[in-house]
Amino acid sequence: IKKMSNIYESAANTLGIFSSPCLTKVELRVACKGISDRDALSKPDPCVILKMQSHGQWFEVDRTEVIRTCINPVFSKLFTVDFYFEEVQRLRFEVHDISSNHNGLKEADFLGGMECTLGQIVSQRKLSKSLLKHGNTAGKSSITVIAEELSGNDDYVELSFSARKLDDKDFFSKSDPFLEIFRMNDDATQQLVHRTEVVMNNLNPAWKTFKVSVNSLCSGDQDRRLKCVVWDWDSNGKHDFIGEFSSTFKEMRGALEGRQVQWECINPKYKAKKKNYKNSGIVILNQCKIHKMHSFLDYIMGGCQIQFTVAIDFTASNGDPRNSCSLHYIHPYQPNEYLKALVAVGEICQDYDSDKMFPAFGFGARIPPEYKVSHDFAINFNEDNPECAGIQGVVEAYQSCLPKLQLYGPTNIAPIIQKVAKSASEETNTKEASQYFILLILTDGVITDMADTREAIVHASHLPMSVIIVGVGNADFSDMQMLDGDDGILRSPKGEPVLRDIVQFVPFRNFKHASPAALAKSVLAEVPNQVVDYYNGKGIKPKCVSEYESSRTLAP
């Protein structure tokens, strides 16, 4: 296996898809109901094994504890898995009866299994399915998997400190105090979290409010010790020690509701020497505000749906679909590049869309009955309902519309961007995170309406949508790179910049010899950040936060 994965890695690296660092871990909790046993007299001793599919093979990732004699087990062990939006991560949960005499797995001990994708679990948050045994339901037995995101430390805190009656360390003027806050690490080292500015000549300083992430302040552990030190600044860099105190984030949270938290600032040397030493001043925390940063999974688990729309280029430059050289040629055994790209990206998006109905459009063709050129026609020819059932439905609509079209031109994509933008802007009226739109445009050439397209993208950057463009065939796509704002800011013809980078462009030929998963990975990797940037930027919280969030917020 090792050798094989290296081949994949080197292929991925040459394509420039470095496997993205996993930003998100998900905890899965498992419970089963009604496990029947081959041995009707005794109850089973169940254990759930989690397997993940990699390159077509199943590997065991982890297993739960064994619960003795139980038909409705709720397992306490959690499975922790890395979540990648841009991949289809196939999981298999197998329930086995582990009798006490051996821990091995025998065929006879298999009580049933369930397969799904990680995307399905996180988008539903709680997935219950029947257990299957050799393709049939295993009695009335079922399994439930609940997902919870593990991070929860993307929040940041706003703190404002002041002090009073600090010791005076300067002969001719008052002290020039500044405050340092250190996080004490598990290995007893200390890490500077923040250093305030210096307030000159003042024994009662009020330092500026500052922001710091919960992660850097206390590594997400609110009982972690924080050491705070007050210094008198000296221009020669030899600052004089005024005093110190220790605290925790939990204690600082006492300043949440407009209350103050105070600490005595102590100089241990003075304390040891002087009999009537009280302190070297008082440090006050005047406010502690916590700002929640919501993650992609917060929105998905809060019920935000990804609305996936596809638009296909039917211009004449694709070649006559009846000719085997055409990019639209329907080969009996081998899907063409349009279909490969559509299925690769669509297969992932569909897990995040509960109704699995996908609007599909075409552009650049003359369409029946009048054979006028259209740049946004429904490929099922039903303008009132352009939705197709599942990715399979889009594939079938594509195959059946091809013979009826007259491929034409030019290659205009602004109309289709505007069409999806119209749905996305209706969505903004709800003021909640319920639908985010992804438009996949598959095109064989450089577009002819570049000015209108730039205008449409700048407008769309203010809406809950992202645009993915896959260039099919061997045209020169260098102009298209300009739409993908990575290397500079895309502007409308009037000079208005995009609010956020929402376009991802890739030529399919870069992935000709890679797996479809590699293509999907490359184009979808930026989507989670685009979703988060949009909603966080608008100050929109995830929809039904209550029960899920409360379980992952740091409890007061």
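In short, a report on the structure. (Residues numbered from 1 in each chain as written. Predicted model: local features only at pLDDT ≥ 70, side-chain atom pairs only at ≥ 80, totals over all residues. Heavy atoms only, no water.)

## Things to note about the overall build of the protein
Selection criterion: In this text, helices come from DSSP runs of H or I with a minimum length of four residues, and strands from runs of E with a minimum of two, each type numbered from the N-terminal end. A simple rule labels every residue: compare its accessible area, found with a 1.4 Å probe on the protein chains alone, to the largest value its type can have, and call it buried under 20%, exposed over 50%, or partly exposed in between. We call two residues in contact when some of their heavy atoms are within 4.5 Å. Methods summary: accessible areas were calculated by the Shrake-Rupley approach with a probe of 1.4 Å, and residue burial reflects only the protein chains presented.
Tallying secondary structure elements over the protein gives 13 helices and 26 strands in all. Residues counted as buried form 49% of the 556 residues belonging to the protein. When contacts within the protein are restricted to residue pairs at least 6 apart in sequence, those whose partners lie at least 24 apart make up 71%. About 26,500 Å² of surface is accessible on the protein, with carbon and sulfur atoms providing 51% of the total.

## Notes on the environment of V74
Tracing the backbone through its elements, the reader meets V74 in the loop between β3 (57-63) and β4 (79-82). The exposed category is assigned to V74, whose relative accessible area is 62%. For the pair formed by V74 and T144, sequence separation is 70 residues and the distance between their alpha carbons is 9.4 Å. When neighbours within four sequence positions are excluded, V74 is seen to be in contact with V30, A31 and I67.

## Side note on the sheet that holds strand β20 (residues 372-374)
Which entries qualify depends on this criterion: Between any two strands, at least two bridges found by DSSP are needed for them to pair.
If you walk across this open sheet you meet the three strands as β20-β19-β23, and the pairing is antiparallel. Taken across any chain shown, the strands that pair with only one partner, and hence form the sheet edges, are β20 and β23 (406-407). By the bridge criterion, three bridges tie strand β19 (residues 365-367) to β20 in an arrangement that is antiparallel. In the sheet register, R366 faces β20, and the bridge partner there is V373.

## Side note on the environment of T315
Short version of the rule: Pairing of N or O atoms within 3.5 Å defines a polar contact, subject to two protein rules: one partner must be a possible hydrogen donor and the other a possible acceptor, and residues neighboring in sequence count only if both atoms are side-chain atoms.
Looking at the secondary structure, you find T315 in the loop between β17 (305-313) and α7 (337-349). Relative accessible area serves as the criterion here: at 2%, T315 is assigned to the buried category. Separated by 97 residues in the primary sequence, T315 and N412 place their C-alpha atoms 9.6 Å from one another. Side-chain polar atoms of T315 contact the side chain of D313, separated by 2.6 Å.

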